[in-house]
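Listed here are the chains, written in short residue letters.
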Amino acid sequence: MRSVTCNLCGGDDWFVRYAATDQTDRRPEVSAFRCTHAGYGSHAQIVQCHICGHVYANPRWEEGELLDAYSSVEDDRYVLERAGRERTFAKHLKKLEKYTGAGKGRHLLDVGAYIGVFVEVAQSFGWKAIGVEPSHWAVEIAKSRQIPVIEGTLSARELEGEYFEVITLWDVIEHLDNPSAELGKIYTMLKPGGILAVHTMDINSLTAKVMGSRWPWLMDMHIHYFGRRTLVKMLEKNGFEVVWIGAQSRYLSLGYIASRIAGISQPVGRFLTWLIGKLGAAEATIPLNFGDLMTAFARRSS
Ligand SMILES: [Zn+2]
């Protein structure tokens, strides 16, 4: 474990917002980094910066260890959740196109593309879309569907000298060790006037405040917890102009919702799984909006 300074203001002056759930100096299992990991309620100490208000895990694991864990993630459940994710991404992209205009063959990069669901949706909307993703397993799945996803990070050789009209970060920024540096790098990869979309959890949403330490997004694999103000600040610090920020819903299948509820209450989750199975409705998707997921669109102005 290592102590880290605030990624937003550089300060080292914080108070504990959520105590660690496990006091031993253990490294999280690789399974804790699965996108759909149900092990809620397990996390390192989460602190809030006294100076700027940013919330982050501190102390935490070495950066190399994190990347290794991501590179070896395997998550079959995410594959099963494809239908819900496709609908969610299509909805997000429609909203984004209000600011970017239609794709029309222009270049889009999805960072942390995982198995390439958003890349595929963006292609169907007319974008010349590619993804970049550190998980070897996920990239192989994308490749098997002929979806262009490069294995690696923003420093991948294949991305050198490439510029994009749009770059997207769906549920990714909260996992990055140094999100401010990554945003700075993304800024240089956007064409002037290009737009970055960032989707993450909102630590200062009413849902997060009401649920307190039971808020399900507090978990080992999340390192940075943004509120609207701190996300805007970090984008502005890196030269971006935020053109829109707001809460966005997502579509989830009933079967998936039941499995997540089981992570909070096993009996309730088991009953719902049984009921949904009886109804044959496990694959049905519904939109959910607890107000604790937000998206920001930010422009590179020059
Ligand atoms: Zn700070």
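In what follows, the structure referred to is the one given above.
Note that this is a predicted model, so its numbers are computed, not measured. (Residues numbered from 1 in each chain as written. Predicted model: local features only at pLDDT ≥ 70, side-chain atom pairs only at ≥ 80, totals over all residues. Heavy atoms only, no water.)

### Observations concerning the coordination of the zinc ion
Part 1 of the argument: Distances from the zinc ion to its protein donors, C6 (SG), C9 (SG), C49 (SG) and C52 (SG), fall at 2.2 to 2.3 Å.
Part 2 of the argument: Here the donor residues of the zinc ion share one chain and are spaced in sequence as C-x2-C-x39-C-x2-C.
Part 3 of the argument: The buried category is assigned to C49, whose relative accessible area is 2%. (Donors = N, O, S within 2.8 Å, 3.2 Å for Na, K, Ca; no water. Buried < 20%, exposed > 50% of the residue type's maximum accessible area, 1.4 Å probe, protein only.)

### Description of the packing of aromatic side chains
Part 1 of the argument: Going through the model one piece at a time under the given rule, you end up with 8 aromatic pairs.
Part 2 of the argument: Judged by centre distance (5.9 Å) and plane angle (45°), the rings of F89 and W170 are tilted. Taken together, the residues span a long stretch of sequence, with F89 in helix 3 (residues 82–100) and W170 in strand 7 (residues 164–170) at a distance of 81 residues.
Part 3 of the argument: A relative accessible area of 8% means that F89 is categorised as buried.
Part 4 of the argument: Looking at W170, the relative accessible area reads 5%, which means it is buried.
Part 5 of the argument: With centroids separated by 6.2 Å and ring planes inclined at 55°, the aromatic side chains of Y114 and W137 adopt a geometry described as tilted. With Y114 in the loop between strand 4 (107–111) and helix 4 (117–124) and W137 in helix 5 (residues 136–144), this residue pair connects regions lying 23 residues apart in the sequence. No difference in accessibility class separates Y114 from W137, as the two residues are buried. (Phe/Tyr/Trp six-rings, centres within 6.5 Å; stacked < 30°, edge-to-face > 60°. Helix = DSSP H or I, 4+ residues; strand = E, 2+ residues; numbered from the N terminus.)

### Section: the sheet that holds strand 1 (residues 14–18)
Part 1 of the argument: Strand order in the open sheet formed by 4 strands is 1-2-3-9, and the pairing between neighbours is antiparallel. Each edge of the open sheet is held by one strand with a lone partner, namely strand 1 and strand 9 (224–225).
Part 2 of the argument: Relative to strand 9, strand 3 (residues 55–57) runs antiparallel, the two sharing 2 bridges. Within strand 9, the position partnered with Y56 by the bridge is H224. (Pairing = 2+ DSSP bridges.)

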